[in-house]
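If you want the building blocks of each chain, they are given just below.
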Amino acid sequence: MTENSTGRPAAAGVLGAATVATGLIAGVFYIFACAVMPALARSDDRVFVEVMGNINEVIQNPVFFLSFVGAPVLTAVSAWQTRRSPNRRWVWAALVAHGLAFLVTTVVNVPLNDRLAAAGDPARITDPAAVRERFEDTWVAWNVVRALLSAFALACLARALLLHRRA
């Protein structure tokens, strides 16, 4: 590991990668909040259930998981690397925000996605309005929370990166 002029390990690469991965995830949650879900809100119930089911299936891919898991992991590594640095508070704040966003995802959004999938083939659901009713508002609200937490994490990491570069 290279060292900077103060003798501390240079963590710019990991911090930069954490910032990029966090930006990607914040962007995913943001685009759902401001475009995908408002567009789906215009759809009829069966279309809504079908499209959300399709999204929930295709988003489970290695590229998405690389950034979804990579962002908090890289942030944790960066938090360790910057533990004696003046910018550590920014990295730790980002790590806490990541943890909260991950918690929301695993406790709220993923179980809602699973219940939506358990409803079965959208063409055979007898009451797609009821399925949608049990999903949409809660999922959308908590996705906004994830978007805000991820945007906060991104801002914190960007600040830490700026301070790191100045050191």
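Predicted model only: the values in this text are computed from it and were never measured.

Calculation notes
Residues numbered from 1 in each chain as written. Predicted model: local features only at pLDDT ≥ 70, side-chain atom pairs only at ≥ 80, totals over all residues. Heavy atoms only, no water. pLDDT = per-residue confidence, 0-100. Contact = heavy atoms within 4.5 Å. Phe/Tyr/Trp six-rings, centres within 6.5 Å; stacked < 30°, edge-to-face > 60°. Helix = DSSP H or I, 4+ residues; strand = E, 2+ residues; numbered from the N terminus. Buried < 20%, exposed > 50% of the residue type's maximum accessible area, 1.4 Å probe, protein only. Lys NZ or Arg CZ within 6 Å of the ring centre and 35° of its normal. Salt bridge = Lys/Arg side-chain N within 4 Å of Asp/Glu carboxyl O.

Q: Quick question: what am I supposed to make of the confidence of the model for the protein here?
A: Residues with a pLDDT of 70 or more make up 93% of the protein, whose mean pLDDT is 93. pLDDT under 50 marks residues 1-8. Its contacts with residues more than four places away, or in other chains, come to 13 contacts.

Q: Is there a simple way to think about the packing of aromatic side chains in this case?
A: Within a pair of aromatic rings, the relevant descriptors are the distance that separates the centres and the angle that separates the planes. Within this structure, the stated rule accounts for six aromatic pairs. Taking the centre distance of 5.6 Å and the plane angle of 55° together, the rings of phenylalanine 32 and tryptophan 139 count as tilted. A residue pair is termed long-range when its members are at least 10 positions apart, and phenylalanine 32 in helix α1 (residues 12-41) and tryptophan 139 in helix α6 (residues 136-166) qualify at 107 residues. Accessibility classification places phenylalanine 32 together with tryptophan 139 in one group, the buried group. Site record: aromatic cluster; members linked through ring pairs are Phe32, Phe48, Phe135 and Trp139. It is arginine 83 that lies over the ring of tryptophan 80; its NZ or CZ is 3.8 Å from the centre.

Q: Which parts of the structure should I look at to understand the pattern of salt bridges?
A: Pairing of side chains with opposite charge becomes possible as their charged atoms draw close. Summed over the entire model, instances satisfying the criterion amount to two salt bridges. Close ionic contact of arginine 132 with aspartate 45 constitutes a salt bridge, the shortest N to O distance being 3.1 Å. Of the two residues, arginine 132 is situated in helix α5 (residues 128-133) and aspartate 45 in helix α2 (residues 45-58); the sequence distance between them amounts to 87 residues. Since its relative accessible area comes to 7%, arginine 132 is described here as buried. Across the pair glutamate 136 and arginine 132 runs a salt bridge whose closest N-O atoms are separated by 2.8 Å. Comparing glutamate 136 with arginine 132, the two get one shared label, buried. Connected via shared salt-bridge partners are Asp45, Arg132 and Glu136.

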